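# Overview (structure and organization)
Chain by chain, the residues run as shown.
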Number of protein chains: 2
Amino acid sequence: MQLRTLELFCHVADQRSFSKAAVAAGVTQSAVSQSIGHLEESLETTLIDRSKRPLTLTEAGRVYLNGVREIVRQYKELEDRVQHHGRRLSDTVTVGAVYSVGLSYMPEAKQAFEQNHPDVRIRTEFGSSQRVVEMVTSNEVDFGLVSFPRATKTLGAIPWQSEPMRLVCSSEHPFASETEIAASRLEGIDMISFEKGVVLRQAIDQCLKSAGITVSISMEFDNCDSIVRAIQANRGIGIVPEAAVRRETANGTVRVVACREIQMTRPLGIIFRKRGKLCRAAIEFGSLLLGREMEHDMLSKTEAAKADRQKGESKDRAVSVLI
Amino acid sequence: MQLRTLELFCHVADQRSFSKAAVAAGVTQSAVSQSIGHLEESLETTLIDRSKRPLTLTEAGRVYLNGVREIVRQYKELEDRVQHHGRRLSDTVTVGAVYSVGLSYMPEAKQAFEQNHPDVRIRTEFGSSQRVVEMVTSNEVDFGLVSFPRATKTLGAIPWQSEPMRLVCSSEHPFASETEIAASRLEGIDMISFEKGVVLRQAIDQCLKSAGITVSISMEFDNCDSIVRAIQANRGIGIVPEAAVRRETANGTVRVVACREIQMTRPLGIIFRKRGKLCRAAIEFGSLLLGREMEHDMLSKTEAAKADRQKGESKDRAVSVLI
DNA sequence: CCGCACTATCAGGCAATTTAATACGGTGTG
DNA sequence: CACACCGTATTAAATTGCCTGATAGTGCGG
C-alpha cells in the first residue's frame, strides 16, 4: 500500500469529490479514481458511496478515514523527527493551508518559486483552519496560510492580503438579473452561512449587523464548499470568499451581486511559530507570497507581542493584526 | 512511501541483515538494498550503519524503527477492521511465525497449499515469540507458529513437531574433528546460550542438568542468529535448533557434534484463539502443516481446557501439550 | 593479502501508476 | 423525456518505479 494513496483518500474525504482531491494533490482526476478504486479492491470493501453527490463515505470508509488520517499524520511526524536527526537542514519548505487559500494561491507561487530556486521543493499540506494551526504549532510545517490569522503566545501572525467576500446567489434567484441591490432588499432573506463557531460566520454577522440588516439563516455548514452547493441549489444567498466561487461564477451557476453596504473582505495571513527560526528558504518563499520582506514582519510582530505581554491582554493587537 | 518498504526495513532491523530480510520478505537481496537505499535517500538520513557486521541501526534508524513498527501494526489492524466490514470473508490465511520456524517451514507449505488452492493466499507475518502470541491474541493472524507453544485462557496450542536441537561448534573448535563426544567432555566448557528469560534457555539448562553437566555460559543473546554468529567466531559451543544452522553447516563454518546424552528437541506448535473460529481455508492450511486434521486437535484441546478449568490450575495440561 | 560472506550497483524486464482522451452516469432543466 | 452539464469510470499509451540477475565492491577473519 502506498502512503500517497492514503493521503489521496483523505483528500477525497475532505473534499467530497474526486476531481477536487485531484487538484489538491496535484494529479489528474483519473489517477485519483483509479487509486481509490485499487484501494477499495485491495480492501475488498467499498469506501465511498458514489451513488450520490456530493460523495459520501460508507461506514467502512469512515472507519478507514479515521485510522488513515492518524497513520498519515503519525508517519509525517516520524519522518520529520528522523529527518532532523540527519545532518543537513531540509531544502524543503512545507506550508500548511486551508483548502480555499492553498488552492487559490499556492500553485502559482510554488511554480514561480521553484523556477528561481530549483534546489528547493515546496510542499503544501491541507487541513482545516484548526488543523493548520496545529500543524504550525507542532512544527509539522514551516508556516501556515489561513484566514483570520490569530497571533497567540506561541504563534505569530503576519497579515497578507484581504480577499474580497462576495454576495452570491443562484442564477435562478431573483437577484440574479440585477448587478447591484440595496442592502434593504436583504432584510429577512434566506441566507446560507457558516456554523456559529466559524470565525468567518462571526465576521459576516457583524457586517450585516452594522448594515442594520437581519437575515434568516436557513442552513449552516462548516465549509465553503457546502455553502456554495446550497447556493447553487437556490436554497438562499450567501457571502463567501471570491476564490471559493471562481469556478461557479465562470460557468454561470452562481451570480455575484454587488451591494454597496456589504463590503467585506476576509483577511488572509501567514502564521508561524515565534520560537524556532525559519530556514532561509522558508523566509524566501514567505517573502514571495507577501510581496515584501517577511523577516521584517516577523520581527516587528514579535516585538509588538513582547510589548503587549507587559501590558496584559493582547486583544487589541490581535485586531490590529487582523485588519 | 510504500508501506511494504517500511515492513522491509523492520525485517532488516530484526534480522540485522539485508540478505536475511530478503528471504523473510520473499524478495532478492538487491531489492532490499535498493529499497532501503531509496528510503534513506528520501529521508535524507542514514538509518543503517553498514560499517560493521552484523549491521546496526543508527540513532535515527532506531527512532524510525520504533515509529514504523507502530505504524505498520496500526495499518494492518485498520485494514482488518475495514475488511471485516466488507461482505465476504477473506480468502487470505495469515500466519504469524517466529523467524526460525517460519522461514524453515512456510515457503514449501505455502507453495504446496497455493498449488491446490489457487484462490487462497497465504501470508506470513514474522515477529518475536512474544509478538506472535500478541498477533494471535489480537486476531491479527489466523494462527501462530511458535516453539514451546503455551496454551492460555484465550489461546489454544496444538503440538506440531519436534525440531532437533544440535550441539554445534565452530569448524575451528577442538570438537570440530570429532563426530561424537562424551557428555563429560562438556564439563565446564564455554557455551553460548539464550538469555535467561527465553524458554529455550531454560530447556537447555534443564537438559544439561539432567545429564549432570555444568557449563560456563560465556555469552547470552535473545536470538538464535547472534548465537550462531558467536559460535562461528569460535567463542564457544552452543545448542541451537537444527534449522537455525542449516546454511552454516552447509558451508562448513560450523559443525554439528553428536552427543548421546544431549538429545534435545524443541517442540514447535500452532497456537490459535479459542474463541472465534478459523475460516475453512485456515483450517485446511493448518491441516496441511500438521499432516493431520487440525480440527480434531482444536476441539480436544478446548475440551481439555474446559475440564481443566473445573479442576483449577492447568499447569499439568500445559505440559502435556508441550511434549 | 586472501577468501568468504555480504552489500552496492547496474542494466534489463515487468508491473504499477499516471496522463489524456473519451465514455458513462447522475442531476437539474425545459 | 430529452438535453446539457458536471463529475466519475474506463481505456490505451507513456512513464515511472520496482524487481531480478549478474557483477563489482567491502568488511571481517585468517
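The model shown is predicted, which means the values in this text are computed figures rather than measured ones.

Let us look at the domain arrangement of chain A. All names here are of chain A. Domains assigned within chain A are domain 1 (1–85) and domain 2 (164–266). Taking only C-alpha atoms into account, the centre of domain 1 sits 31 Å from that of domain 2. Taken together, the contacts link four residues of domain 1 with five residues of domain 2. Of the roughly 390 Å² buried between domain 1 and domain 2, counting both surfaces, carbon and sulfur atoms make up 31%. Interface area lost by domain 1 to domain 2 is led by Arg16, Lys20 and Pro54, which between them contribute 82%. Counting across the domain 1 and domain 2 interface gives zero residue pairs in polar contact (both at pLDDT 80 or more).

Moving on to helix 10 (residues 280–290) of chain B. Counting buried residues in helix 10 of chain B gives eight out of 11 residues, a clear majority hidden from the surface. Within helix 10 of chain B the residues assigned to the buried category are Ala281(B), Ala282(B), Ile283(B), Phe285(B), Gly286(B), Ser287(B), Leu289(B) and Leu290(B).

Contacts to DNA strand D come from 22 residues, most closely from Ser19(A), Arg50(A), Thr28(B), Ser30(B) and Gln34(B). Restricting attention to atoms of DNA strand D within 4 Å of the protein, one finds that 60% of them are sugar or phosphate atoms. In this structure, a phosphate oxygen belonging to DNA strand D sits 2.8 Å away from a side-chain N or O atom of Ser33(A). Thr28(B) is positioned such that a nitrogen or oxygen atom in its side chain is 2.8 Å from a phosphate oxygen of DNA strand D. Put simply, the parts of the chain that give the surface near DNA strand D at least two residues each are helix 2 (18–25) and helix 3 (29–43) of chain A together with helix 3 (29–43) of chain B. Counting residues per element, the surface near DNA strand D draws most heavily on helix 3 of chain B, at five residues. Of the residues in the surface near DNA strand D, the class split is four nonpolar, 13 polar and five charged.

Attention shifts here to the interface of chain B and chain A. If you look at the interface, chain B gives 30 residues, while chain A gives 31 residues. Both sides of the chain B and chain A interface together cover about 2,700 Å² of buried area, and 60% of this is carbon and sulfur. Across the contact surface, chain B and chain A share zero salt bridges. Summed over the shared surface of chain B and chain A, the result is five residue pairs in polar contact (both at pLDDT 80 or more). Sorting the residues of the side of chain B that touches chain A by element identifies helix 1 (3–15), helix 3 and helix 4 (59–83) of chain B as the ones contributing at least two each. The biggest single contributor to the side of chain B that touches chain A is helix 4 of chain B, with 15 residues. Partitioning the side of chain B that touches chain A into residue classes produces 14 nonpolar, eight polar and eight charged.

In the vicinity of DNA strand C, 22 residues are found, and the nearest of them are Thr28(A), Ser30(A), Ser19(B), Ser33(B) and Arg50(B). Ser30(B) has a polar side-chain atom sitting 3.0 Å from a base oxygen of DNA strand C. Between DNA strand C and the protein, one listed contact pairs a phosphate oxygen with a side-chain N or O atom of Ser33(B) at 2.8 Å. Mapped by element, the contributors of at least two residues to the surface near DNA strand C are helix 3 of chain A together with helix 2 (18–25) and helix 3 of chain B. In terms of residue count, helix 3 of chain A provides more of the surface near DNA strand C than any other element does, five residues in total. Classifying every residue of the surface near DNA strand C gives four nonpolar, 14 polar and four charged.

Now for the pattern of salt bridges. Residue and element names in this part refer to chain B. Scanning the entire structure with this criterion turns up 38 salt bridges over all chains. For Arg50, the salt bridge is made with Glu40, and the minimal N-O distance between the two is 3.0 Å. Taken together, the residues span a long stretch of sequence, with Arg50 in the loop between strand 1 (48–49) and strand 2 (56–57) and Glu40 in helix 3 at a distance of 10 residues. For Glu40, a relative accessible area of 9% translates into the label buried. For the salt bridge of Arg260 with Glu180, the shortest nitrogen-to-oxygen distance reads 3.3 Å.

Residue and element names in this part refer to chain B. Counting buried residues along helix 2, six of its eight residues qualify, which places the element largely inside the surrounding structure. Among the residues of helix 2, the N-terminal cap falls to Ser17, whose side-chain oxygen and the backbone nitrogen of Ser19 are separated by 3.2 Å. One or two steps after helix 2, the chain reaches Gly26, where phi turns positive at roughly 75 degrees.

Our next topic: the side chain of Glu125(B). Relative to the assigned elements, Glu125(B) resides in strand 4 (residues 121–126). A residue is classified by how much of its surface remains accessible, and Glu125(B), at 11% relative accessible area, is buried.

Moving on to the relation of the copies chain B and chain A. Superposition of chain B onto chain A requires a rotation of 180 degrees combined with a translation of 0.0 Å along the rotation axis, giving an RMSD of 0.1 Å. In the structure described here, the two chain copies are related by an operation that fits a two-fold rotation axis. Closest to the rotation axis within chain B is the C-alpha of Gln2(B), separated from it by 2.3 Å. A share of 100% of the interface residues of chain B reappears at the interface of chain A, consistent with the copies meeting face to face through the same patch.

All names here are of chain B. Inspection of the entire model under this criterion finds one cavity of 30 Å³ or more. Taken as a whole, the largest cavity holds about 40 Å³ of empty space. In terms of lining residues, the largest cavity is bounded by Val12, Ala13, Arg16, Ile48, Leu55, Thr56 and Leu57. Elements with a contribution of two residues or more to the lining of the largest cavity: helix 1 and strand 2. The residue inventory of the lining of the largest cavity, partitioned by class, reads five nonpolar, one polar and one charged.

Okay, the packing of helix 3 of chain A against helix 4 of chain B next. Here helix 3 of chain A crosses helix 4 of chain B at 80 degrees, and the two axes come no closer than 9 Å. Accordingly, the angle class assigned to the pair helix 3 of chain A and helix 4 of chain B is roughly perpendicular. Contacts between helix 3 of chain A and helix 4 of chain B involve Leu39(A), Ser42(A) and Leu43(A) from the first element and Tyr75(B), Glu79(B), Val82(B) and Gln83(B) from the second. Residues belonging to the contact of helix 3 of chain A with helix 4 of chain B are distributed by class as follows: four nonpolar, two polar and one charged.

Residues and elements named next belong to chain B. Bridge analysis of strand 7 (residues 190–194) against strand 8 (residues 216–221) gives five bridges, and the strand direction is parallel. Following the sheet pairing, Ser193 is matched in strand 8 by Glu220. Since strand 7 and strand 8 lie parallel, the crossover through helix 7 (residues 199–210) that links them has a hand, and here it is right-handed.

Rules used in this analysis
- Residues numbered from 1 in each chain as written.
- Chains lettered and ligands numbered in written order.
- Predicted model: local features only at pLDDT ≥ 70, side-chain atom pairs only at ≥ 80, totals over all residues.
- Heavy atoms only, no water.
- Domains from an automatic or database assignment.
- Contact = heavy atoms within 4.5 Å.
- Buried area = accessible area lost by both parts, 1.4 Å probe.
- Polar contact = N/O pair within 3.5 Å; in protein donor to acceptor, adjacent residues only side chain to side chain.
- Buried < 20%, exposed > 50% of the residue type's maximum accessible area, 1.4 Å probe, protein only.
- Helix = DSSP H or I, 4+ residues; strand = E, 2+ residues; numbered from the N terminus.
- Near = heavy atom within 4 Å.
- Nonpolar A, V, L, I, M, F, W, Y, C, P; charged D, E, K, R; others polar.
- Salt bridge = Lys/Arg side-chain N within 4 Å of Asp/Glu carboxyl O.
- Least-squares fit on C-alpha atoms with pLDDT ≥ 70 in both.
- 1 Å grid on protein atoms, 1.4 Å probe; cavity = no way out; pocket = protein on both sides within 12 Å on 5 of 7 lines; lining within 4 Å.
- Points joined across faces, edges and corners; volume = space filled by probe spheres on them.
- Axes fitted to C-alpha atoms, helices over the stretch in contact; angles between N-to-C directions.
- Parallel < 35°, antiparallel > 145°, perpendicular 65-115°, else oblique.
- Pairing = 2+ DSSP bridges.
- Right-handed = clockwise from strand over helix to strand, strands pointing away.

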